[in-house]
Structures are given as structure tokens and as C-alpha cells.
Amino acid sequence: MWITELICITTIVCFIVDVSGVVDNLKVTLFKFMHGTKIPYRDYSFKPVDCSLYMTFWCCNFWLLCQGTFNLYTLCATCLLALSSEVITYFLFFLRDLLGWFINKLNDLIND
């Protein structure tokens, strides 16, 4: 049961960090708060928040610690899921593009 929870956590983290753009907006807001609007924004790394690999690793380990199921096997599973976060992100992008294509086809059928 814990592996399905970890897969769900990985998918949610990948969506929030890589697909939704929340982290990029947070970085812009934080940069403007720290430096004001006179300095133009330049992209910077805000680890571990802007990396889905780091966030997956730490969120899954925190979840396992809270449940009391943290051991060597679950740590290895967490590491494997963290490594697969890039593949999950690409899959989420594929689903987003597929859904957009499907909506465009439906829109073309309705308008014809």
C-alpha cells in the first residue's frame, strides 16, 4: 500500500514543481521582494523547492517517517521514484498536450 502512496506523492510533486508553474511564480515574487523592481529578474535555483527530484525524495521520506514505515526498502523505493520524477514529468506534459489536442478536435467537430 505504501508504494501506491509514494507514486501518488511523486506525481503530485512533479505536477506542482514542473508542470503548474507555481514554483516559478514564487521565485519571481521572492526575487522582487528581495531586490525590488529596479533590478531585472534573472532566473536562479531555489533548491530544494524548484527540483522535483529533491522534493520527491524529501516528501516521500517525510511521509514514510510520519507513517512509521521508514526502513531501507522504502528508502530505496523513494530513491527510485525520485529518479523517475523526470519521466513522470514528461508523462504529465504528454497528458497535457494530448488533452489539448483532444479539446481542439472536439472544438473543430462542434464548429463544423
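Computed from a predicted structure; not experimentally measured.

A. Structural context of the pattern of salt bridges. In this structure the tally under the stated criterion is 2 salt bridges. In this structure, Asp50 engages Lys27 in a salt bridge whose closest nitrogen and oxygen atoms are separated by 3.5 Å. Within this pair, whereas Asp50 is found in the loop between helix H2 (22-35) and helix H3 (52-67), its partner Lys27 is found in helix H2, the two being separated by 23 residues in sequence. Judged by its relative accessible area of 19%, Asp50 falls in the buried class. For Lys27, a relative accessible area of 5% translates into the label buried. Across the pair Asp97 and Arg96 runs a salt bridge, and its minimum N-O distance is 3.8 Å. Overall, Asp97 belongs to the partly exposed group, its relative accessible area being 48%.

B. How the structure looks around the packing of aromatic side chains. Under the definition given, this model contains 2 aromatic pairs. Relative to Trp58, the ring of Phe57 lies with its centre 5.0 Å away and its plane at 80 degrees, an arrangement referred to as edge-to-face. On the numbers, 6.5 Å between centres and 35 degrees between planes, the contact of Phe91 with Phe94 is tilted. Pair noted here: Phe91 and Phe94 are both in helix H5 (residues 85-111), with a separation of 3 residues, about one helical turn.

C. Main features of the nonpolar core. Formed by Leu6, Ile9, Val13, Val17, Val23, Cys60, Leu64 and Leu81, the largest nonpolar core amounts to 8 residues. When residues of this core are assigned to their parent elements, the largest contribution, 4 residues, is made by helix H1 (residues 2-19). Once residues lying within four places of it in the same chain are set aside, the contact partners of Val13 are Asp18, Ser52, Met55, Thr56 and Cys59.

D. Inspection of H1 at higher detail. With 18 residues, H1 should cover 26 Å at 1.5 Å per step; its first-to-last C-alpha distance of 25 Å lies within 8% of that length. Taken together, the buried positions of H1 are occupied by Leu6, Ile9, Thr10, Val13, Cys14, Val17 and Val19. Against the buried residues of H1 lie H2, H3, helix H4 (72-83) and H5. Once H1 finishes, Gly21 follows within two positions and takes phi at roughly 85 degrees, a positive value.

Rules behind the numbers
Residues numbered from 1 in each chain as written. Predicted model: local features only at pLDDT ≥ 70, side-chain atom pairs only at ≥ 80, totals over all residues. Heavy atoms only, no water. Salt bridge = Lys/Arg side-chain N within 4 Å of Asp/Glu carboxyl O. Helix = DSSP H or I, 4+ residues; strand = E, 2+ residues; numbered from the N terminus. Buried < 20%, exposed > 50% of the residue type's maximum accessible area, 1.4 Å probe, protein only. Phe/Tyr/Trp six-rings, centres within 6.5 Å; stacked < 30°, edge-to-face > 60°. Core = buried A, V, L, I, M, F, W, Y, C linked by side-chain atoms within 4.5 Å. Contact = heavy atoms within 4.5 Å. Expected span 1.5 Å × (residues − 1).

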